[in-house]
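# Structural characterization, general
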Amino acid sequence: MNAGTLKQILLLTDGCSNKGEDPAIVASLANQQGITVNVIGILDDDQTEQPEGLQEVEDIAVSGGGVSQIVYSERLSQTVQMVTRQAMTQTLQGFVNKELRSILGKDQSMEELDPEKRGEIMEVVEDLGETSDLEVVVLVDSSASMRDKLETVKEALFDLSMSLNARVGKNRFCIYRFPGRRSDIDLVLDWSPRLDGISKVFPKLTSGGITPTGPALRAAMYQFSKKQLRRNSDEEPFDIEETGY
Amino acid sequence: MKNHSTLKKPAINLHAQQKVTGKWHYKSYTVVRKIGQGAIGSVYLCMYNGRPVALKMSEQDAAVTVEVNVLKALKKVQGYRLGPSLLDVDDWTAPNGRVYSFYVMEYMEGQTLGSFIQARGKKWLGVLMVQLLEDLEQLHQAGWTFGDLKTDNILVESNPPRIRLVDVGGTTRMGRSIKEYTEFFDRGYWNLGTRKAEPSYDLFAVAMVFLHIYYPRRFERMTGEPSEKLLEKKLYRAKDLQLLHPILRKALKGKYQTATEMKTDAMDKIKQVQRRRSQYRIKIQQKKTYPVKESLSISLVASVFWIISLLLP
């Protein structure tokens, strides 16, 4: 079964962007390039109300074709893997829907099929999710307010790699933090199939108070090797017909 | 998902007396109350034609469909009751105009494993463990791993006490990656194995389920202390589990390849205990004759002394 490569950006942040272009616009640009943008907003453990700034979290994910979730840091590990998986399913479902529309007409999508047929299609989506390769650029907000949360973020990422490496498909991860010292983002860990080495490289990385989420997202987008990016957004990253079900 | 740019579908909360009517099969369910909430949606107790049923609804359509697929697959290998039986699958248009997927299953009544043991005593531990392993054995043979095995997902029906597995949200085909898990029961969290769906994944969780009965507030992994040692320590402190220690330890170490092996060990243990108990009973019966003998011999010795004392001047 040939299931191509899914590309995701996973943004971990605890607040609102305050510098540079609108991250939601960059996210939709990334989505047009076949990259899904997922966002996790991390709350302090003693934070009782959702701060207004975190509305942006949902906006970015919606325009990035991805999934968003706002969580307390203690629940981070599980959320990270759930969000990643949910986004994979969502992306694959998007492809299937497109395919359905081309066969059955404009208004068709999985949701409009009866539950019986939907179930059969979902099995295919699940198979694809298990077997397709996945590339994730992890983008960690390292502004001052994130200081206490970085240890949890590290654990969560380690955990994510463990979950995903139990899949049949291959994985590649890389980690960037923003803002960088001189550029929009700084490399923390280069493309690697596992995040085992993460404990060594995850420094006590905190920078100033600015949060240039938009520019950081743009820079993250370019980390997927450029020739892999599709010029024409109508092309599918993999061919559904070849999957052989 | 007509359009990616539409807002995220909000989570849904049904209230008592609300009517949920399916879009495809037109069956109507009346909500009684919420009975559970998980990572994927909530479960409600509902009435259908005067009969209680359990209805699960979520804003994540895909996840609902996946669970339904699992329940259908389990139905095919039944004859043996694995998980709740599936009664209906449908969509519902909520008052907010969005469409939510739901499914309806048999409503199971029972106690949680923890409260059952508290009420009926530790003598049930072995029996329930064997029952649980029997169910897992069947599930594994059918090609599935339960996945999210935890105390909340195990119900004990009464008369006669019988274990039932309830939530199939984490049930995963063998060889794949575990879909859903709960940290305390997950060997990956303890760094004691992968998240690949295989029998030993479930068997680790079985051991943690029994530990959880004695640590109801759970505990966390520690930085600097290997999990194996920590679990060993916790196991040692749960004195009620003493008999099952060797079995639980083996499961935590991933030494059991199949549920059958673990079940056989558990059954041997139960037999051993029964044998010991019956021997103990015999001993007690023997002991019962002792007081008579004892008083006779004491009075005999006493009378000898008395006679001697009479003979002495």
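Above this text you will find the structure in question.
What comes next is a walk through the structure. (Residues numbered from 1 in each chain as written. Chains lettered and ligands numbered in written order. Predicted model: local features only at pLDDT ≥ 70, side-chain atom pairs only at ≥ 80, totals over all residues. Heavy atoms only, no water.)

As a further point, take the overall build of chain B. Looking only at helices and strands, chain B features seven helices and 11 strands. By residue count, 47% of the 313 residues in chain B fall in the buried class. Considering only residue pairs separated by 6 or more positions, chain B has 57% of its internal contacts joining residues 24 or more positions apart. Of the accessible surface of chain B, which amounts to about 16,300 Å², a share of 56% is contributed by carbon and sulfur atoms. (Helix = DSSP H or I, 4+ residues; strand = E, 2+ residues; numbered from the N terminus. Buried < 20%, exposed > 50% of the residue type's maximum accessible area, 1.4 Å probe, protein only. Contact = heavy atoms within 4.5 Å. Areas by Shrake-Rupley, 256 points an atom, 1.4 Å probe, with all protein chains shown as cover.)

A cis amide bond links A:Phe178 with the next residue in sequence, A:Pro179, at an omega value of -5 degrees. Secondary-structure assignment places A:Pro179 in the loop between strand E5 (171-178) and strand E6 (186-192). Residue B:Asn159 is joined to B:Pro160 through a cis peptide bond whose omega torsion reads -15 degrees. You can see B:Pro160 is positioned in the loop between strand E9 (154-157) and strand E10 (162-165). The phi dihedral of B:Arg218 falls on the positive side, at around 60 degrees, and the residue is not glycine. Tracing the backbone shows B:Arg218 in the loop between helix H4 (199-214) and helix H5 (227-237). Judged by its relative accessible area of 32%, B:Arg218 falls in the partly exposed class.

So, about a negative patch on the surface. Together, A:Asp45, A:Asp46, A:Glu74 and B:Glu220 make up a region of like negative charge exposed at the surface. Along the chain, A:Glu74 falls in the loop between strand E3 (68-72) and helix H3 (76-104). (Patch = residues over 30% accessible without salt bridge, like charges linked within 9 Å, V, L, I, M, F, W, Y side chains within 5 Å. Salt bridge = Lys/Arg side-chain N within 4 Å of Asp/Glu carboxyl O. Lys, Arg positive; Asp, Glu negative; His and termini not counted. Charge placed at Lys NZ, Arg CZ, Asp CG, Glu CD.)

A few words on a nonpolar patch on the surface. Side chains of B:Trp306, B:Ile307, B:Leu310 and B:Leu311 sit close together on the surface and give an oily, nonpolar patch of about 500 Å² of accessible area. Accessibility expressed as a relative area gives 56% for B:Trp306, which makes it exposed.

Counting from both sides, the interface comprises 34 residues of chain A and, opposite them, 36 residues of chain B. With both sides pooled, the region where chain A packs onto chain B buries about 3,200 Å², and carbon together with sulfur makes up 46% of that total. Taken together, the connections running from chain A to chain B amount to seven salt bridges. Our count for the chain A to chain B interface comes out at 13 residue pairs in polar contact (both at pLDDT 80 or more). At 11 residues, H3(A) tops the list of elements feeding residues into the side of chain A that touches chain B. In terms of residue class, the side of chain A that touches chain B is built from eight nonpolar, 11 polar and 15 charged. (Buried area = accessible area lost by both parts, 1.4 Å probe. Polar contact = N/O pair within 3.5 Å; in protein donor to acceptor, adjacent residues only side chain to side chain. Nonpolar A, V, L, I, M, F, W, Y, C, P; charged D, E, K, R; others polar.)

Our next topic: the nonpolar core. In this structure, B:Leu136, B:Leu149 and B:Phe210 are the most contacted members of the largest nonpolar core, which totals 63 residues. For this core, the leading source of residues is H4(B), giving 10 residues. In terms of domain composition, this core takes at least three residues from each of domain 1 (19-106) and domain 2 (111-268) of chain B. Non-local contacts of B:Leu136, meaning those with residues more than four positions away in its chain, are made with B:Phe146, B:Leu149, B:Leu165, B:Asp202, B:Val206 and B:Ala259. Grouped together as the second largest cluster of nonpolar side chains are 42 residues, A:Leu92, A:Leu113, A:Val125 and A:Leu189 included. (Core = buried A, V, L, I, M, F, W, Y, C linked by side-chain atoms within 4.5 Å. Domains from an automatic or database assignment.)

With that settled, consider the sheet that holds strand E1 (residues 5-13) of chain A. Residue and element names in this part refer to chain A. What the six strands build is an open sheet, ordered E3-E2-E1-E4-E5-E6; its pairing is mixed. Each end of this open sheet is capped by a strand with a single partner; those strands are E3 and E6. Taking the axes of each pair of neighbouring strands and ignoring which way they run, one obtains an average angle of 15 degrees across the sheet. Along the sheet, helix H2 (residues 55-63) contacts E1, strand E2 (35-43) and E3; its crossing angle with E2, the most-contacted strand, is approximately 165 degrees. (Pairing = 2+ DSSP bridges. Axes fitted to C-alpha atoms, helices over the stretch in contact; angles between N-to-C directions.)

So, on to the pairing of strand E4 (residues 133-141) of chain A. Residues and elements named next belong to chain A. Counting buried residues along E4, eight of its nine residues qualify, which places the element largely inside the surrounding structure. Where E1 lies against E4, eight bridges are found, and the strand directions are parallel. Looking at E4, one finds that Lys7 is bridged to Glu135. Note that the unit made of E4, helix H5 (residues 150-164) and E5 has a crossover that is right-handed. (Right-handed = clockwise from strand over helix to strand, strands pointing away.)

Residue and element names in this part refer to chain A. Taken residue by residue, H2 has Glu56, Val57, Ile60, Ala61 and Val62 as its buried positions. Those residues of H2 hidden inside the fold are in contact with E1, helix H1 (23-32), E2, E3 and helix H7 (213-221). Phi turns positive, to about 65 degrees, at Gly65, one or two residues after H2.

Function-wise, these values are silent; they only describe arrangement.
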